[in-house]
Each structure stands twice: as structure tokens, then as C-alpha cells.
Amino acid sequence: MRFARLLVIGLPLSAGFSVRPLVSKRPPYHPAPLSMSEQQQDAPKTYPPPNAVPDGMKTYEAMHKQSLEEPDTFWGDAARSTLKWFRDFDRVSQGGFDTGDVAWFTGGQLNACYNCIDQHLPQRAKQVAILHEGDEPGVVTKITYEDLLGQVCRMANAMKELGVKKGDFVTLYMPMVPEAAVAMLACARLGAPHSVVFAGFSAEALRDRIVDANSKWVFTTDEGRRGGKTLHLKSIVDKAVEDADCVEKVLVITATGAKVPMGKRDVQMSEMLPRMRPYCPCETMDSEDLLFILYTSGSTGRPKGVAHTTAGYLLYTGMTTKHAFGLEEGDVFACVADVGWITGHSYIVYGPLVNGATSLMFESTPMYPNHGRYWDVVQRHKVTQFYTAPTAIRALMSCGPEIISDYDLSSLRVLGSVGEPINPEAWRWYNEHVGKGKCHIVDTFWQTETGGHVMLPLANVTPTKPGSCSFPFFGIEPAVLNAQTGEEVTGNDVEGVLAFKRPWPSLARTVYGDHKRYMDVYLNPYKGYYFTGDGCHRDSDGFYWITGRVDDVLNVSGHRIGTAEVESALVLHPAVSEAAVVGFPDPIKGQAICCYVTFVSGYTESPELLKELVKQVATHIGPFARPGMIVGTPGLPKTRSGKIMRRILRKIAEGEADKLGDTSTLADPSIVEGLVEKANALL
Ligand code: WTA
């Protein structure tokens, strides 16, 4: 109980936040890298793929080999058979990791929206493209491919009337309503890169992203609904655009119908859309024209606008959707992520639609109105593929499996997992209780920057081990590197950091407006490789296991948060002199945020002040980044050269102060002693 007490030194439990007490006993989930022996203990078993495709692994291996040995043939054929081109490309791939001048399918011309909608109309006009399940159970909207074209075109024509042109950046701050996908596709139709900002971000975070992209247009809704609660999106946008002079128009879509104040820049889309023509021609885009940017957190500095281009992204997300999930005609594909994150971009919108699938969009939460909601959705819509995050599985696990038997889940064939390492326990629960041992569990490892899955099992093909993301997708050549030397570690049963040896079509091309940062973060750390920032283990059978971030990026409920962002938010408070942020294990969220702060003289630590600091982070970033714990300290443990020793802070937060390791480089050991002593005194 030692560090449950430490929490009392910091943020008292009585302060009224949903803080999880630190316990000295390790929670059942290990977000920290599992040692090899732990992994082997946890996952002694290899599961054969259900309904295995005959010789599936042999075919996969042959295709993977071809994708590396004859990449231009492999990808050239794939691009011609998967996408519709207005003009064929001249070259399949060019450029590389030296300067990050990667380009695919140059000379080719196409339009992403055309590929997601128009190309399907001859065969699928009446097929449902987007199946929307609202926040309230059973409030369903079905949009056929034909209807989707009309809606997207009206939206695109309205945007044109409001001045949007090819190359303009459009920001979206939207709840999970169908219009979010419609607006993204309308942007793609006009060749206006979208920048979707997750609707859980605060007004300040939204403003920073609008300004960084220099967006003149912002889409939002009057309000949103999630889990029975109201999201006041329009009023957050009002605040965000107050000092975002670049914004000319705020396009307000009606979602709940609430009366919201409308200002000079605001446009009521419900008045405009019915006047619009339901056809709008597509802009002709070059393969390498930007399709979108999406801000994500890194280990340093401000969030970066990861930039994806048109052809490579679309091809790769289309192919991974098809192979990871074994898409078949008539499937109802449900990725229950949010369009505000990359998972929503790639596996709600672009990947499923380019395949002509029916994509389910889910507006609610797994817990609303009760913890059977996912299964209710699966039953009512006869979902065939279901894709969620380990954090949701763990939350449902903690409620017990009983409720699941109230629902008929026999339509399910593939169950996907994404966002963080899935602990073997959650994997087995998902497999046994949801999949009834008959579904293929596909643990897909990828990142905002990779555009689509890079390491994954292929449905009905790849054998699985609980907790392993198995093998690389076509065109992906993984390497395990020694983090210190950068040397490639060959053979099996090895550990290191995960990198990729060659570009693939959906690799992000740059950080918007800052190619140097792109180079420094991804391509310069290990010359000749793309560096993921994740640790990994390749086991004796060659299966890959992701062991978590090796940089200062936290993964809280599958949300990526940079410790630097939280630190900057904290030091903006007048009472805070210095802050250091680390993660600590949380049985449901995977990781929670622990902040160590020192105070400016004149301020003393009090429950009220700590409460204010929690609020400070929620206001600057968003409620999803709310710290789980704040610890006041007279100083931060630093090396003699002034570097904060985060390793030590991490250990203390993890309740392992007895395992601090080498502390000989500490400039002032009394600081750590003080922290530990404070804790011990409370025992
Ligand atoms: C983590 C989300 C283990 C990883 C698609 C990565 C995973 C970061 C997995 C990217 C997985 C994602 N197994 N770890 N299956 N999927 N991650 O950009 O640390 O929000 O670097 O993309 O999530 O998060 P991002």
C-alpha cells in the first residue's frame, strides 16, 4: 500500500476525481514491456486461424516475398486492380528514407472520393454504404452508395459556394454523425485536404490545430451526443475561433437541433444544403496530392500534422481492410473508433468504402445504456467484423461476461484490436466470450504515420498468439534494432526497437510545414530506417510482440498523448514552476498520467490547487488527457547536466521505488530520497 499513500501526498482521493489509487501490487495488465518469460508464460498457445484458407500461409509468404523482391510489379498490379485511375501512373515508387522524398504512383491521377463512392455505383447503388447507429440504441440511419453520392455532392457544392478550392485546408470538429464522413469525402472530392480534430480536444487544442493548418473553414455541429451526454461542440468552436483569424466560415451541421448562437462567420448548413445540386464533379488529383493531415502527439514539442497523400494511402487502407478482416460481399464491417483518430479515417471511411463495403459508424460508447451495447449493435446489424481497442475490452471484462449471452453474435467472423498492446488475458476473453472460439482475433499494429496496418494477422490465414500482432503486411520489411547502437538484431528470440527498412505506399510523407521534424522523428534516429518509437520482441517462431512506446508518448485508453504536451499545459499555470509527466499502469486504460510538479514560491500545495492543475490539463488538451495523479515535490530528480531522470519518476509512479536502479548520476539524491521517505512515512 506504500504508493497508495504516496497519492495522498499528491492528489488526495477525496479531491473528487476519478483517480485510480496506486497500489503496490501490480495490476493484472502489464503495459510495461513483458519480459520474454512472462510472454511465454502468458501465451503458450498458438491458435490456428478459424476457417483457414487452404495454403493461406504459403500464399501469404509468397505474396509477401514478391512484395519485397518485385515491389513495382506487386504494387503496380495492386494499384491498377484496386483503384480507379483518371490517368495511369508512370512510376510505381521513388524516393527513400535519406531525405524522405518518398512518392508512389507518380504521374497517376485519381480522386479518393470517386474511388470510395462513384466507382461502386454501377454495382452497388442501393447497397448501404454507411450504417449509422446513433447514441440512443436503435436510432439508425442507412445511407446507400447512391444517397452518399448525393449527400457528398451537396456538401461539396456548398463548400464551393463558400469558397473552398482545391488545396485549401478544411478543419472538422465533429461528433460521430454520418455528416462527419460526408464532409471528409466532400473535402476529398474537392481536393481540399481535411484536418479532423477529435471532438474531445479542448477549444485551445482545436485553435492550435486550426491555426497550424491555416484553415479558413471549420465544420462542426450544433451539439453532439455521446453516452447520453451532450457535447457542446459549437460553443467550443466559438471559443477556438475567437483568436483564429484565419477562419472565414464555420459550417454548422444540425445534429441535435439545439438552438445555438450563430455569429457572422457561421453558416447554417441545414439551410444551405437543400439548395445544392446533388452532383458535383470530382477534382483530378495527382497521386501525391495531400488527402489529409491529422495531428498526433510526439515525444517533444507541439502536436504534428501528419500528412497523407491520395493514392498510396487509399490503396494501402483498401488492401489492409480486405485482408485483415477477410471482407466478403454482404459484410457489415464495424470499426467502433472515432473519425477523429487515424483508425476512423482508415477503417471507418476510406478502407471500407474503397472496397464497396457497408461501414458501420457508432456514435455511442460500449457502456451506454449498459455494457451490452456493443453486442446489441452486433446482433441488430448482423455485424461480421468488429474492430475495437483493448481498453474497451478490458472495461467490458471488468463487468463480467454474463450479459453477452443475451445476444446473438453468430454473425461475427473477425474480431479486431487496435491502439495498444492487447494483454493476453483480454485477448482470450475477447476470443472466448465474444468470438465463442470461432472468430479470428486480429491484433493490428500500426500508427497515424503508417496510414494503415503494418503488422497484423490476415483473417483466416495467420495463426495467432494472444498478445502478438504476428507478421508484416505486404511490402513491410520489419527490423528489430538495438536501441543504443542502431544495429539490426537478426534471428529470432530477440528484443529491441521496431523499425521498417523500406517505404510502403501509405507511409506519411511529411509533417505538415515541418519536414525537418519528420526527418528528425522518424527517419534520422536510425539512418536507413523508419523508426516507430515502439519496442518489440520477435519470438522464437518469428512472431512480433509490441512492448509499448520507448519514447515519451503515453497511451491512455488508446489515445496518444505526449508527456511534453501535458508538461507545457501544467507550466502555464502560475503556481507551477516545473513539471515532469510519466505514465503508470492502469488496469483499464492501459496507462494513466502521473504529473510531478514543483511550485513557484508563494504557492503551497493544497487539494484545491491540485484540482486546479487537473482542470488545467483538461482545458489545454482535453478531458481525455486528465491526469490520474499529481504529486507535488520540492524538486525533480535531475542528472548533473540537468536532465530529468524520468526513469526514476516512472518507477515511483509504478509503485516500484525499491527498484530505482542506478541513481549515481543524480545531482541531488535527496529529492528522490525525499519522495520515497514521504511515502514511507505514511506507511
Ligand atoms: C500503439 C493508432 C501494440 C503503438 C492506430 C503505436 C499498438 C501507437 C497497437 C500509435 C497494437 C497501436 N499493439 N501497440 N496492435 N496499435 N499501438 O498513432 O504504441 O494513435 O506507436 O495509431 O499506438 O498510435 P496512433
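Rules of the game
- Residues numbered from 1 in each chain as written.
- Predicted model: local features only at pLDDT ≥ 70, side-chain atom pairs only at ≥ 80, totals over all residues.
- Heavy atoms only, no water.
- UniProt positions renumbered as here; feature names shortened; annotations may be inferred.
- Helix = DSSP H or I, 4+ residues; strand = E, 2+ residues; numbered from the N terminus.
- Rg over C-alpha atoms; globule rule 2.2 N^0.38 Å.
- Buried < 20%, exposed > 50% of the residue type's maximum accessible area, 1.4 Å probe, protein only.
- Contact = heavy atoms within 4.5 Å.
- Pairing = 2+ DSSP bridges.
- Right-handed = clockwise from strand over helix to strand, strands pointing away.
- 1 Å grid on protein atoms, 1.4 Å probe; cavity = no way out; pocket = protein on both sides within 12 Å on 5 of 7 lines; lining within 4 Å.
- Points joined across faces, edges and corners; volume = space filled by probe spheres on them.
- Nonpolar A, V, L, I, M, F, W, Y, C, P; charged D, E, K, R; others polar.
- Near = heavy atom within 4 Å.
- Polar contact = N/O pair within 3.5 Å; in protein donor to acceptor, adjacent residues only side chain to side chain.
- Areas by Shrake-Rupley, 256 points an atom, 1.4 Å probe, with all protein chains shown as cover.
- Axes fitted to C-alpha atoms, helices over the stretch in contact; angles between N-to-C directions.
- Parallel < 35°, antiparallel > 145°, perpendicular 65-115°, else oblique.
- Phe/Tyr/Trp six-rings, centres within 6.5 Å; stacked < 30°, edge-to-face > 60°.
- Lys NZ or Arg CZ within 6 Å of the ring centre and 35° of its normal.

Labelled according to an unreviewed UniProt entry, the chain appears under the name Acetyl-coenzyme A synthetase, originating from Ectocarpus siliculosus. The Catalytic activity (unreviewed entry) field of the UniProt record for the chain holds the comment "acetate + ATP + CoA = acetyl-CoA + AMP + diphosphate". Note on the chain: under the UniProt heading Sequence similarities (unreviewed entry), the record states "Belongs to the ATP-dependent AMP-binding enzyme family."

As a further point, take the overall build of the chain. A count of helices and strands for the chain gives 21 helices and 31 strands. Its C-alpha radius of gyration of 25 Å places the chain within 12% of the 26 Å reference for a compact globule of 683 residues. Principal axes of the C-alpha set define a box for the chain whose edges measure 75 × 60 × 55 Å. Classification of the 683 residues of the chain by burial places 61% in the buried group. Relative to all contacts within the chain whose residues are 6 or more apart in sequence, the contacts with residues 24 or more apart total 72%.

Moving on, we get to the environment of S506. Assignment of secondary structure puts S506 in the loop between β23 (494–500) and β24 (510–511). In this structure the C-alpha to C-alpha distance between S506 and G451, which are 55 residues apart in sequence, comes to 5.1 Å. Apart from the residues lying within four places of it in its own chain, the contact partners of S506 are H308, G312, Y313, Y316, E449, T450, G451 and G452.

Taking every second residue as pointing to the same face, both faces of strand β6 (residues 170–173) are buried, with V170 and L172 on one and T171 and Y173 on the other. Strand direction decides the pairing type here: β6 and strand β7 (residues 194–196), joined by 3 bridges, are parallel. Within β7, the residue paired with L172 across the bridge is V196. Taken together, β6, helix α8 (residues 178–190) and β7 constitute a β-α-β crossover, and its handedness is right-handed.

Here, the residues flagged by UniProt with the feature "domain: AMP-dependent synthetase/ligase" (unreviewed entry) are residues 139–504. What you have in residues 139–504 is 31% helix and 22% strand, and the ends, taken at the C-alpha atoms, are 40 Å apart.

This part takes up empty space enclosed by the protein. Think of a ball as big as a water molecule: rolled over the atoms, this probe shows where empty space is left. According to the stated counting rule, one finds 3 cavities of 30 Å³ or more in the structure shown. Reported here for the largest cavity is a volume of approximately 50 Å³. Looking at the largest cavity, the residues that line it are A112, A188, G191, A192, M285, L290, L291 and T310. Looking at the second largest cavity, its volume works out to about 40 Å³. Around the second largest cavity, the lining residues are V196, V197, F198, F201, R209, L294, Y295, G340 and W341. A class-by-class count of the residues in the lining of the second largest cavity yields 7 nonpolar, 1 polar and 1 charged.

What surrounds the ligand is a group of 17 residues, the closest being T444, T448, D534, R549 and R560. Here a nitrogen atom of the ligand sits 2.7 Å away from a polar atom, N or O, in the main chain of T444. One nitrogen or oxygen atom from the side chain of T448 is found 2.5 Å from an oxygen atom belonging to the ligand. In isolation the ligand exposes 520 Å². Once the protein is present, 96% of that is buried. Residues that form the shell around the ligand fall into these classes: 6 nonpolar, 6 polar and 5 charged.

Bringing the sheet that holds strand β22 (residues 488–489) into the picture now. Spatially, the 5 strands line up as an open sheet ordered β22-β21-β23-β25-β26, and their pairing is antiparallel. Where the open sheet ends on each side, the last strands, each with one partner, are β22 and β26 (544–549). Sheet topology places β23 next to strand β25 (residues 530–538); 6 bridges connect them, and they run antiparallel. Bridge pairing in β25 places A499 opposite F531.

At a minimum axis separation of 5 Å, helix α3 (residues 56–69) and helix α4 (residues 71–82) run at an interaxial angle of 110°. Between α3 and α4, the interaxial angle falls into the category roughly perpendicular. Counted together, M63, Q66, S67, L68 and E69 of α3 and P71, T73, F74 and W75 of α4 form the full contact between these two elements. When grouped by side-chain class, the residues that make up the contact of α3 with α4 number 5 nonpolar, 3 polar and 1 charged.

Inspection of the entire model under this criterion finds 39 aromatic pairs. Grouped by ring-pair contacts, the aromatic residues Y60, F74, W75, W85, F89, W104, F105, Y316, F473 and F474 constitute a single cluster. Over the face of the ring belonging to F201 we find R209, whose NZ or CZ atom lies 4.2 Å from the ring centre. Positioned above the aromatic ring of F543, the side-chain terminus of K465 is 4.7 Å from the ring centre.

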